[in-house]
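Breakdown of the fold
Here is what each chain is made of, one letter per residue.
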Amino acid sequence: MANQDDFFKKVVAHAKEYGFIFPSSEIYDGLAAVYDYGQLGVELKNNIKQYWWRSMVQMHENIVGLDSAIFMHPRIWKASGHVDAFNDPLIDNKDSKKRYRADVLIDDHIAKIEEKVEKEVEKARKRFGEAFDEAQFRSTNQRVLDHQAQIDSIRERYASLMNDSDLAGLKQLILDLGIVCPISGTRNWTDVRQFNLMFATKMGSVIDDSDTLYLRPETAQGIFVNFLNVQKSGRMKIPFGIAQIGKAFRNEIVARQFIFRMREFEQMEMQFFVRPGTELDWFRHWKEERLQWHLALGIPADCYRYHDHEKLAHYANAATDIEFRFPFGFKELEGIHSRTDFDLSRHSEFSGKKLQYFDSELGESYTPYVIETSIGVDRTFLAIFSHSLREETLEDGSVRTVLGLPAMLAPYKAAVLPLVKKDGLPEKAREVQHMLMRDMMVQYDEKDAIGRRYRRQDAIGTPFCVTVDSDTLADGAVTVRHRDSMQQERVAVDSLRQYLMERL
Ligand code: ATP
C-alpha cells in the first residue's frame, strides 16, 4: 500500500510538473477538489473526448449529439428525483472532526477483505506453480470461502440498509464491523445524516425560493428533456441514442484522490432509447461494447472489471460499473444503467407534455425505455495517465520516466529537434515542423543536449522524436526515434508525414 501511495503521489506531481493538471486557484491556496487542466492536460483531455465522440456518434448512424445548457428549469430536478434523493449518507468522526461517506467506509472495509482473498490466491499461485487451478482454489480453500462468506453477508445487509435508507442501521453496521477513522483511529462516530449533493444558485434579479436553480449534477437530464426535439427534428427511429459531453457539478462530501472525485467535472453520457421489453438485450449489448471501447486503447484487460450492482436505484432494472485498477485500487470508471421508462415518464408527468414515440412498425405509441452509458472524462484521464506513467532502468543504469500514452491520445504526436543549434539545422527543422503542423500537434525544441530533449518528450508521452542532423541537409532524411522502444530509423523527409500518420 505504501508503494501505491508513493506511486500515486508521483502521478500527481508529474501531472503538475509537466503542465497536465494544476490545483485550481493555486496562488490563493487552492479550492478543494477543483482542478485546472494545463497546456498538455487540455490536449490529452480533448483527445479523450474526441475518441469517445468519434466512436459513439460518428461511428453509429443511429446516435446523434447534443449540447444542452447547464442551467435548466428547476422542476427538472424535482422530476428526476435529485431534489429529494440525490443524497450521500455522511458520518463524522468526533475525534478527528473528519467527515466521511458512510457507504464509502463500508466499501473500503469490503475492499480490504477482498485484498485478503487476493493475497491468499497469490500465495497459492506461487506455492503450486504451473499446476495451480485458480477457480478450484477459490471454490474450495477454507480461508477464501470464509472471507467470501463475510463479504457476502456484509453486502447483503448493506444493500438492504441502503434500499431502506436506514441511516441508524448504517451507523450500526459501521460499529459492528469495527470500522475506525483512518485519522484518529477511533470508533467515536456521529449519527449518519443525508446530504444533498446539488449546488444551488439563483437566477435573475428577484430573489425568492422559486428562482433557485441547480448546477446540473449529470448531463443526462438535458438529453431526456430534449428527447422529442431531437427525435422529431432528426426523424430518429427507435432504437437510437443521444450523446452529450459536458460539465457536471456535485458537492462531494469526501473529495480526495485528486481528479477521481471532483466537485466540478465532465461527463460523456449516451442515452439509448429502445422498445420496452428489449432493454435487457440492449443493456448487455452496451455493457460489452463499452468494455471494448476501453480495451481498444491497448490497456491490458486485467486493469478492468465489471461490478454488477447488488443495490439497484429505484428506476433501474439492471446496472453495472466498469471498474478500473487505479493506483488506489479498483474503482468505478463508467456506469451502464438500464433506466426503464422512469425519466421520460416523470418528465411527462411533471411537464404535462407527452414524451412518447409512435412506432410505425408496431403501429403503436409507447414511452421508450433507456439504456445509459455514463463515463467521467476526468476519471478516464486519471486511468490512462496513471497507467501510462512508468520508470524504466536502462542498460547503463540510468532511469528514464516514460508516459506511455496511447499514441492517438498523446498531446504531441511528434517533436522536431535540430541536433545542434547552428549550421542551418534549426531552419531545416522549422521546415519539417511546419510541414507536419497541419496534420498533428508538433513541438519544436532546440534547447539542451539531444538526450535531455528525448527524456523531456518521453515524460510527456510524445510517441515520435524527429531529429534533423547535418546529414539531413545532404540526404533529405531525418532520424525518427520511437518513444517506447527507443529504436531509431532513418526516414526521408518527403515520406515523413505519411510514415507518422500510418503509425498514429
Ligand atoms: P461514485 O459512486 O464514484 O460517486 P457515481 O456512481 O455517483 O460515482 P454516476 O452518477 O454513475 O457516478 O456518474 C457517472 C460517471 O461520472 C462515473 O462513472 C464517473 O466516471 C463520473 N463521476 C461521477 N462523479 C464524479 C466526480 N465527483 N468526479 C469525477 N468524476 C465523477
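Quick caveat, the model's predicted, so the values are computed rather than measured.

**As for the overall build of the protein chain**
Broken down by element type, the protein chain carries 17 helices and 23 strands. Across the 504 residues that make up the protein chain, the buried fraction comes to 49%. Contacts spanning at least 24 positions in sequence make up 65% of the contacts within the protein chain whose residues lie at least 6 apart. By element, 50% of the accessible surface of the protein chain is carried by carbon and sulfur atoms, the whole surface being about 24,900 Å².

**Focus on helix H5 (residues 102-128)**
In this model, H5 (27 residues) spans 40 Å end to end at C-alpha, consistent with the 39 Å of a helix rising 1.5 Å per residue. Burial in H5 covers these residues: Ala102, Asp103, Leu105, Ile106, His109, Ile110, Ile113, Val117, Glu120, Val121 and Ala124. Buried-residue contacts for H5 involve strand E4 (87-92), strand E5 (99-101), helix H6 (134-140), helix H7 (142-163) and helix H8 (167-176).

**Let's talk about the domain arrangement of the protein chain**
On domain assignment, one finds that the protein chain holds domain 1 (2-86 + 197-385), domain 2 (95-193) and domain 3 (412-503). Its C-alpha centre places domain 2 at a distance of 52 Å from the equivalent point of domain 3.

**Let's talk about the layout of surface pockets**
Which parts of space are left empty comes out when a probe the size of a water molecule is rolled across the atoms. The calculated volume of the second largest pocket comes to roughly 360 Å³. Along the walls of the second largest pocket sit 15 residues, with Asn47, Gln50, Arg54, Met408 and Lys413 positioned nearest its centre. It is helix H2 (residues 41-58) that contributes the most residues to the lining of the second largest pocket, five residues altogether. Looking at the lining of the second largest pocket residue by residue, the class counts come to nine nonpolar, two polar and four charged. Built from parts of two domains, the lining of the second largest pocket gets at least three residues from each of domain 1 (2-86 + 197-385) and domain 3 (412-503).

**Observations regarding unusual backbone geometry**
Here Ile238 and Pro239 are connected by a cis peptide whose omega angle stands at 5°. Backbone geometry places Asp29, a non-glycine residue, at a positive phi of 75°. If you trace the backbone, Asp29 turns up in the loop between strand E1 (21-23) and strand E2 (35-37). In this structure Asp29 comes out as exposed when scored by relative accessible area, which is 74%. Although it is not a glycine, Ala33 sits at a positive phi angle of roughly 65°. The class for Ala33 is buried, based on a relative accessible area of 8%.

**Examining the environment of Ala477**
Within the element layout of this structure, Ala477 appears in strand E22 (residues 477-482). Residue class for Ala477 comes out buried when judged on its relative accessible area of 9%. Expressed as a C-alpha distance, the spacing of Ala477 and Asp494, which sit 17 residues apart in the sequence, is 8.1 Å. Here Ala477 is in contact with Thr472, Arg490, Val491, Ala492 and Val493, once residues within four sequence places are set aside.

**Points about the pairing of strand E10 (residues 264-274)**
With respect to burial, E10 is a largely interior element, ten of its eleven residues being buried. Pairing analysis gives ten bridges linking strand E9 (residues 240-249) to E10, with the strands arranged antiparallel. When the bridges of E10 are listed, Phe249 appears paired with Glu264. Where E10 lies against strand E16 (residues 369-376), eight bridges are found, and the strand directions are antiparallel. Paired with Phe273 across the strands is Val370, a residue of E16.

**Some details on the site of the ligand**
Around the ligand lies a shell of 17 residues, among which Glu252, Arg261, Met262, Glu332 and Leu333 are the nearest. Here an oxygen atom of the ligand and a side-chain polar atom of Arg250 are 2.9 Å apart. Here Gly376 contributes a backbone N or O atom positioned 2.9 Å from an oxygen atom of the ligand. Taken by itself the ligand offers 600 Å² of open surface, and the protein chains cover 85% of this. At the level of secondary structure, the elements contributing two or more residues to the shell around the ligand comprise E10, strand E13 (329-340) and E16. For the shell around the ligand, the element with the most residues is E13, which contributes five residues. Broken down by class, the residue content of the shell around the ligand amounts to five nonpolar, five polar and seven charged.

**A closer look at the packing of H2 against helix H11 (residues 279-295)**
Packing of H2 against H11 brings their axes to within 12 Å, and their N-to-C directions diverge by 140°. By the criterion of interaxial angle, the relationship of H2 to H11 is oblique. As H2 runs across H11, the sense of the crossing is right-handed. Contact residues: H2 offers Tyr51, Trp52, Ser55 and Met56, while H11 offers Trp286, Arg290 and Trp293. Within the contact of H2 with H11, the residues separate by chemical class into five nonpolar, one polar and one charged.

**Focus: the nonpolar core**
Formed by 57 residues in total, the largest nonpolar core has its most connected members in Phe20, Trp52, Phe381 and Leu382. Trp52 has contacts with Val57, Ala243, Gln244, Ile245, Met268, Glu269, Met270, Arg290, Trp293 and Ile375, leaving out every residue within four places of it along the chain.

**Side note on the side chain of Gln457**
Relative to the helices and strands, Gln457 resides in helix H15 (residues 450-460). On the basis of relative accessible area, Gln457 is assigned to the buried category, the value being 1%. Ignoring anything within four residues of it in the chain, the contact list for Gln457 reads Ala415, Gln443, Thr462 and Cys465.

**Quick notes on the sheet that holds E22**
If you walk across this open sheet you meet the five strands as E20-E19-E21-E22-E23, and the pairing is mixed. Each of the sheet's edge strands pairs with one partner strand only, and the pair in question is strand E20 (442-444) and strand E23 (488-492). With direction set aside, neighbouring strand axes in the sheet form an average angle of 25°. Where strand E21 (residues 464-468) meets E22, four bridges bridge the pair, whose relative direction is antiparallel. Residue pairing for E22: Thr467 is matched across the bridge by Thr479.

**Observations concerning the pattern of salt bridges**
Taken as a whole and assessed by the stated rule, the structure comprises 45 salt bridges. A salt bridge links Arg101 to Asp88; the nearest nitrogen and oxygen atoms lie 3.4 Å apart. Of this pair, Arg101 sits in strand E5 while Asp88 sits in strand E4, placing them 13 residues apart in sequence. Across the pair, exposure class does not vary: Arg101 and Asp88 are buried alike. Here Lys247 makes a salt bridge to Glu264, at a shortest N to O gap of 2.7 Å.

What counts, and where the lines are drawn
Residues numbered from 1 in each chain as written. Predicted model: local features only at pLDDT ≥ 70, side-chain atom pairs only at ≥ 80, totals over all residues. Heavy atoms only, no water. Helix = DSSP H or I, 4+ residues; strand = E, 2+ residues; numbered from the N terminus. Buried < 20%, exposed > 50% of the residue type's maximum accessible area, 1.4 Å probe, protein only. Contact = heavy atoms within 4.5 Å. Areas by Shrake-Rupley, 256 points an atom, 1.4 Å probe, with all protein chains shown as cover. Expected span 1.5 Å × (residues − 1). Domains from an automatic or database assignment. 1 Å grid on protein atoms, 1.4 Å probe; cavity = no way out; pocket = protein on both sides within 12 Å on 5 of 7 lines; lining within 4 Å. Points joined across faces, edges and corners; volume = space filled by probe spheres on them. Nonpolar A, V, L, I, M, F, W, Y, C, P; charged D, E, K, R; others polar. Pairing = 2+ DSSP bridges. Near = heavy atom within 4 Å. Polar contact = N/O pair within 3.5 Å; in protein donor to acceptor, adjacent residues only side chain to side chain. Axes fitted to C-alpha atoms, helices over the stretch in contact; angles between N-to-C directions. Parallel < 35°, antiparallel > 145°, perpendicular 65-115°, else oblique. Left-handed = near helix turned anticlockwise from the far one by under 90°. Core = buried A, V, L, I, M, F, W, Y, C linked by side-chain atoms within 4.5 Å. Salt bridge = Lys/Arg side-chain N within 4 Å of Asp/Glu carboxyl O.

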